[in-house]
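# Notes for the structure review
The lines below spell out each chain.
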Amino acid sequence: MTAAGSYTVRRPERADLERLKAFAQDIWPGSPADKLTRRWWWNDPRAPQCWIAVHNDSGDIAAMCGERRSVLVLEAMEVPVASICDWDVSPRHKGKGLGRMLVERSRADHPVMYTTSISEAAATAFTRLGWAGHRPLSVMVGCPPLVSAVARARARRDSIATRNYRISSGSDDGIRHLDAIWDSSRQDRPIMTTRDARALKAHLRLVPHRSYGLTVAFSGDTPVGYALYRTLPKGSFRRFGHTPVGLLADFWVPEQNGTVLTRLVQDVSWALARSGVPVMLALTTQSWARSALRPLGFASEDTPWLGAKLRSFASRAMHVSDYALPDFEDGWHVTFVDNDMDLIFGSLAELPT
Ligand SMILES: CC(C)(COP(=O)(O)OP(=O)(O)OC[C@H]1O[C@@H](n2cnc3c(N)ncnc32)[C@H](O)[C@@H]1OP(=O)(O)O)[C@@H](O)C(=O)NCCC(=O)NCCS
């Protein structure tokens, strides 16, 4: 029998919670049972940002595919886009076309799809599904006290001012500035998901228990860029043990001005350093941004010695599209908020039980 006849593809529902716990044990034996039942994708009131395949005979959940939905701006066009995450098939149901069925179901609603955090096996499978643009995506690592000191020294003579806000799903002070930044950059911006106030509020709704720092840079009274950051709960990364880790979750500087990014990172790293965070991570596909971060002490894959260690952090990106798209490199602005990484890092530890 074909996979299509033996399985039903649908959105997960609250009634599936026990089956999802069993499925989590199938794919990640020994992991916390509630790993999937407490995922961010439940928190979209329209529909969970996820598809599951249910085995008709047993009722078991056989596969799932997280679908991080947003809107991609291609010049003047706004296109529904989904980033695939949590793409997993139970070992008992692998190789029957379920992975393909789930991705194709999501594809029916999304002319553009991408992924930025996949395994080597998944990259091979995505290639078979017609996805392209396979490339590593490197994470940059900095030490907040050092970054803050270097950024302060470099930014001393500039005229960029900043304002800092604490934001969450219930507190949106400062978020309105994103609309001014977004509107000012209609011309000549790289391809990216919408980065206006509405998009950030939608992101915050997916993680209602979490707060972020938002730093907005101003030239005179005009907002010219922002950075979004947070400290991950301890133990979020096995490789860092219980060392607190800060995340530069997102930023956007329309003029692609390294001085503005330096000024933003100065405030972000200072806030992290003050709260005792010794490590911060940044992800960017943009070479101008990497060029601004490197002199502040951020190491990347090409940094001697440390770079080799960071390669184990490297994820892989791929995409499929009805439109001609440039590569992720430079043509596409991607940070941690553009996939499930920011949503997922530390999420189990921060949720109330
Ligand atoms: C990757 C995964 C989701 C694919 O699901 P699946 O149901 O087994 O895959 P399908 O049967 O739908 O196969 C889709 C295509 O990918 C190919 N494929 C699937 N798994 C593959 C693998 N491990 N290596 C190479 N090709 C693979 C299949 O041959 C098929 O191509 P074809 O239709 O041209 O023959 C599943 O194997 C899995 O859960 N892997 C472990 C977890 C993982 O790596 N998840 C991805 C994290 S981002």
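We now turn to the structure provided with this report. (Residues numbered from 1 in each chain as written. Predicted model: local features only at pLDDT ≥ 70, side-chain atom pairs only at ≥ 80, totals over all residues. Heavy atoms only, no water.)

Okay, the site of the ligand next. Trp 87, Val 89, Gly 97, Gly 99 and Arg 100 are the nearest of the 19 residues found near the ligand. Within the contact set of the ligand, a nitrogen atom lies 2.7 Å away from a backbone nitrogen or oxygen of Trp 87. A molecule is said to occupy a pocket when more than half its atoms come within 2 Å of that pocket's grid points, and by this definition the ligand occupies the largest pocket. Contributions of two or more residues to the shell around the ligand are made by β4 (77-89), α3 (98-107) and α4 (120-128). The class makeup of the residues in the shell around the ligand is eight nonpolar, six polar and five charged. (Near = heavy atom within 4 Å. Polar contact = N/O pair within 3.5 Å; in protein donor to acceptor, adjacent residues only side chain to side chain. 1 Å grid on protein atoms, 1.4 Å probe; cavity = no way out; pocket = protein on both sides within 12 Å on 5 of 7 lines; lining within 4 Å. Sits in = over half its atoms within 2 Å of the grid points. Helix = DSSP H or I, 4+ residues; strand = E, 2+ residues; numbered from the N terminus. Nonpolar A, V, L, I, M, F, W, Y, C, P; charged D, E, K, R; others polar.)

On to unusual backbone geometry. Located in the positive-phi region is Asp 86, a residue other than glycine, with phi close to 55 degrees. On the secondary structure map, Asp 86 appears in strand β4.

Reported here for the largest pocket is a volume of approximately 1,700 Å³. Those elements giving two or more residues to the lining of the largest pocket turn out to be β4, α3, α4, β14 (315-321), α11 (341-344) and α12 (347-350). Tallying contributions element by element places β4 first for the lining of the largest pocket, with six residues. Taken domain by domain, the makeup of the lining of the largest pocket includes at least three residues from each of domain 1 (3-110) and domain 2 (139-350). A volume near 790 Å³ is recorded for the second largest pocket. Contributing to the lining of the second largest pocket are 33 residues, with Arg 69, Ser 70, Val 71, Ala 199 and Ala 202 lying nearest its centre. Secondary-structure elements contributing two or more residues to the lining of the second largest pocket are β3 (61-74), β4, α7 (197-206) and β11 (222-231). If one sorts the elements of the lining of the second largest pocket by residue count, α7 sits on top with seven residues. (Points joined across faces, edges and corners; volume = space filled by probe spheres on them. Domains from an automatic or database assignment.)

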